[in-house]
Amino acid sequence: MIDVVPVALGARSYEVRIGCGLTDRAGAEIAPLLSRPRVAVVTDETVAALHLERLRDALLAQGIAMQALVLPAGEATKGWAQLAACVEWLLDAKVERRDVVVAFGGGVIGDLVGFAAAILRRGVRFVQIPTTLLAQVDSSVGGKTGINTGQGKNLVGAFHQPSLMLADIALLDTLPRRDLLSGYGEVVKYGLLGDAAFFDWLEINGPALADGDRSLRQQAVRRCVQMKAGIVERDETEEGERALLNLGHTFCHALEKATGYSDRLLHGEGVAVGCGLAFELSQRLGLCPQEDPGRVRAHLLAMGMKSGLRDIAGDLPDAATLLALMGQDKKVIDGRLRFVLARGIGQAFVAEDVPPALVQTLLEDAFT
Ligand SMILES: NC(=O)c1ccc[n+]([C@@H]2O[C@H](COP(=O)([O-])OP(=O)(O)OC[C@H]3O[C@@H](n4cnc5c(N)ncnc54)[C@H](O)[C@@H]3O)[C@@H](O)[C@H]2O)c1
């Protein structure tokens, strides 16, 4: 069964279609968008080896020719060098204003290719076919595209909505467990930020979902996409409510920077650890019930995920240095630290002016 979640953004509206086997139907799904029967697909080496020929066959079955660019896998690809390579390849491939570019991969490919599509010829349409859980539940919806620079993550980019998103749940079968659980960090985030009943559901169904149950995976992707679509419809460019999606991210971005964006800490792992810290901070500020941080931590532990700073391999900088790294976050306004905190599970809000000393003590305690 295919679930369809509309993202209603006026002239930039599109559909997210979720189900098993969508890659094999990609030609038929994409054909209505095309002005001529060809697409340019950008993917990474890992996804190409596993799934690119199936996509080529599916497109060919509808008479659509495919040219493909295969980039190295990993976060380092999301930078200036591969952006330039991607844009120049698209120009060499003679992609025109009315053509469609397909991003076929995880969040790295989706963010990079979406940005390339945003700036190519002042904007061409693109289709997201996300292949990781993280990309299916989060990064492929909502139009945030961009790259990392030496100064930090996602500091250069554009809002550019896709024209269609196809979440093929079957593609997740080949995802290594660690990457799956990293994506699950974002899934948990949705329950924590705005849907307590969904968090209850995850506590029951999370383990089977991680073990491969496709029906549970589809239900979780659908719920997350529904929530994200709703938030993005109300606040496309993050003037307000959309900031709630950054639950855990102020901590996460500092930890990612401290670990050099390496595989010591995957993005979704950082989000999960960050959500735990955000709940701990909320509790220390007297905002959320005493038992909530423990419940968050217990679920992460039950899932076999990283739940605290001590689970991150290797040395981390001290609390004061981590705090300084947080000061470089995009969400800092006039030098004041903003955090997404919670009044309880499913009740996140943006807090201005969190006392830095309290955050530093929290981090010091998290090391012990
Ligand atoms: N734009 C947004 O709104 C948004 C939101 C959240 C995260 N992000 C970004 O997403 C990125 C992380 O995305 P990610 O976790 O998908 O990382 P990723 O794209 O690096 O993918 C993780 C790994 O899985 C491999 N892989 C992908 N699909 C596979 C499959 N089906 N089978 C086997 N292996 C597969 C990839 O090659 C890669 O090695 C970060 O850069 C983060 O900043 C963006």
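Bear in mind that the values here come from a model prediction, so they are computed numbers and not experimental data.

Analysis parameters
- Residues numbered from 1 in each chain as written.
- Predicted model: local features only at pLDDT ≥ 70, side-chain atom pairs only at ≥ 80, totals over all residues.
- Heavy atoms only, no water.
- Near = heavy atom within 4 Å.
- Polar contact = N/O pair within 3.5 Å; in protein donor to acceptor, adjacent residues only side chain to side chain.
- Areas by Shrake-Rupley, 256 points an atom, 1.4 Å probe, with all protein chains shown as cover.
- Helix = DSSP H or I, 4+ residues; strand = E, 2+ residues; numbered from the N terminus.
- Nonpolar A, V, L, I, M, F, W, Y, C, P; charged D, E, K, R; others polar.
- Buried < 20%, exposed > 50% of the residue type's maximum accessible area, 1.4 Å probe, protein only.
- Pairing = 2+ DSSP bridges.
- Disulfide = S-S within 2.5 Å.
- Axes fitted to C-alpha atoms, helices over the stretch in contact; angles between N-to-C directions.
- Contact = heavy atoms within 4.5 Å.
- Core = buried A, V, L, I, M, F, W, Y, C linked by side-chain atoms within 4.5 Å.
- Parallel < 35°, antiparallel > 145°, perpendicular 65-115°, else oblique.
- Left-handed = near helix turned anticlockwise from the far one by under 90°.
- Salt bridge = Lys/Arg side-chain N within 4 Å of Asp/Glu carboxyl O.

Before we go on, may I ask you to explain the site of the ligand in this structure?
Around the ligand sit 28 residues in total, of which Asp44, Gly107, Thr131, Thr132 and Thr174 are the nearest. Take Lys78: an N or O atom from its side chain is 2.9 Å from an oxygen atom of the ligand. Here Val108 contributes a backbone N or O atom positioned 3.1 Å from an oxygen atom of the ligand. Taking 870 Å² as the accessible area of the ligand by itself, protein coverage stands at 89%. Looking at the shell around the ligand, the elements that each hand over two or more residues are α2 (45-60), α4 (107-119), α5 (133-139), β8 (152-159) and α6 (177-194). Sorting elements by how many residues they give to the shell around the ligand places α2 first, with 4 residues. The residue inventory of the shell around the ligand, partitioned by class, reads 8 nonpolar, 10 polar and 10 charged.

Please clarify how the pairing of strand β7 (residues 144-149) should be interpreted in this entry.
On a regular strand, each side chain points to the face opposite its neighbour's, so the side chains alternate between the two faces of the sheet. Of all 6 residues making up β7, 5 are buried, and the element is well covered by its neighbours. Note: β7 against β8, 5 bridges, orientation antiparallel. Directly across from Ile147, in β8, lies its bridge partner Val156. Here β7 hands over to β8 after 2 residues, the two strands then running antiparallel side by side.

I keep staring at the state of the cysteines and nothing clicks. Help me out?
Disulfide: a covalent bond formed between the sulfur atoms of two cysteine residues. This model, assessed by the stated rule, comprises 0 disulfides. Between Cys275, a cysteine without a disulfide, and Cys252, which holds the nearest cysteine sulfur, the sulfur-to-sulfur distance is 8.9 Å.

Before we go on, may I ask you to explain the sheet that holds strand β5 (residues 100-105) in this structure?
Note: strands within a sheet are paired through backbone hydrogen bonds, in either parallel or antiparallel orientation. With mixed pairing, the 7 strands of this open sheet are ordered in space as β1-β2-β9-β6-β5-β3-β4. The sheet is open, and its two borders are formed by β1 (3-7) and β4 (65-71), each paired with just one other strand. The sheet shows a mean angle of 20 degrees between the axes of neighbouring strands, direction not considered. Sheet topology places strand β3 (residues 38-44) next to β4; 7 bridges connect them, and they run parallel. Looking across to β4, one finds that Ala40 is bridged to Gln67. Contacts from helix α3 (residues 80-92) reach β3, β4 and β5, with the element oriented near 160 degrees to β4. Lying on the sheet, helix α8 (residues 214-234) is in contact with β1, β2 (14-19) and β9 (164-168); it crosses β1 at an angle near 10 degrees.

Hey, could you run me through the nonpolar core in this one?
Side chains of a nonpolar character, in soluble globular proteins, are inclined to be buried together. Counting residues in hydrophobic clusters, the biggest one holds 79 residues, and the most contacted among them are Phe251 and Leu309. Per element, the largest residue contribution to this core is 9 residues, and it comes from α8. Excluding residues within four positions of it along the chain, Leu309 makes contact with Leu255, Val273, Leu277, Leu316, Leu322, Leu363, Ala366 and Phe367. The next biggest cluster of nonpolar side chains, apart from the first, holds 24 residues, and it includes Leu71, Leu112, Val113 and Ala116.

Even after reading the chapter, I still don't get unusual backbone geometry, so can you show me in this structure?
Its identity is not glycine, yet Lys94 carries a phi of approximately 60 degrees, on the positive side. If you trace the backbone, Lys94 turns up in the loop between α3 and β5. In the Ramachandran plot, Arg122 falls in the positive-phi region, its phi being about 60 degrees despite a non-glycine side chain.

For this particular structure, what's the right way to read the packing of α6 against α8?
How two helices sit against one another is set out by the angle between their axes and by the gap between those axes. Axis separation between α6 and α8 bottoms out at 10 Å; the angle between their running directions is 55 degrees. On the basis of the axis angle, α6 is oblique to α8. Between α6 and α8 lies a crossing of left-handed hand. Packed against α6, whose contacting residues are Leu180, Val187, Tyr190, Leu193 and Gly194, the element α8 presents Arg217, Ala220, Cys224, Met227, Lys228 and Ile231 at the interface. Among the residues forming the contact of α6 with α8, the class breakdown is 8 nonpolar, 1 polar and 2 charged.

What's the story with the packing of helix α9 (residues 249-258) against helix α12 (residues 319-326) in this structure? I'm lost.
Viewed as axis vectors pointing N to C, α9 and α12 meet at an angle of 110 degrees, and their least axial separation amounts to 8 Å. Relative to α12, the element α9 is oriented roughly perpendicular. Classified by chirality, the crossing of α12 by α9 is right-handed. The segment α9 lies against α12, with Thr250, Phe251, Ala254, Leu255, Lys257 and Ala258 engaging Leu322, Leu325 and Met326. Partitioning the contact of α9 with α12 into residue classes produces 7 nonpolar, 1 polar and 1 charged.

What is the right way to read the pattern of salt bridges from this model?
In a structure, side chains of opposite charge can pair up when their charged atoms sit close to one another. Applying the stated criterion across every chain, the model contains 29 salt bridges. One salt bridge connects Arg54 with Asp24, and the closest N-O pair in it is separated by 3.2 Å. Note that Arg54 is positioned in helix α2 and Asp24 in the loop between β2 and α1 (26-30), a separation of 30 residues in sequence. With relative accessibility at 45%, the residue Asp24 sits in the partly exposed group. For the salt bridge of Glu29 with Arg25, the shortest nitrogen-to-oxygen distance reads 2.6 Å. For Arg25, a relative accessible area of 41% puts it in the partly exposed group.

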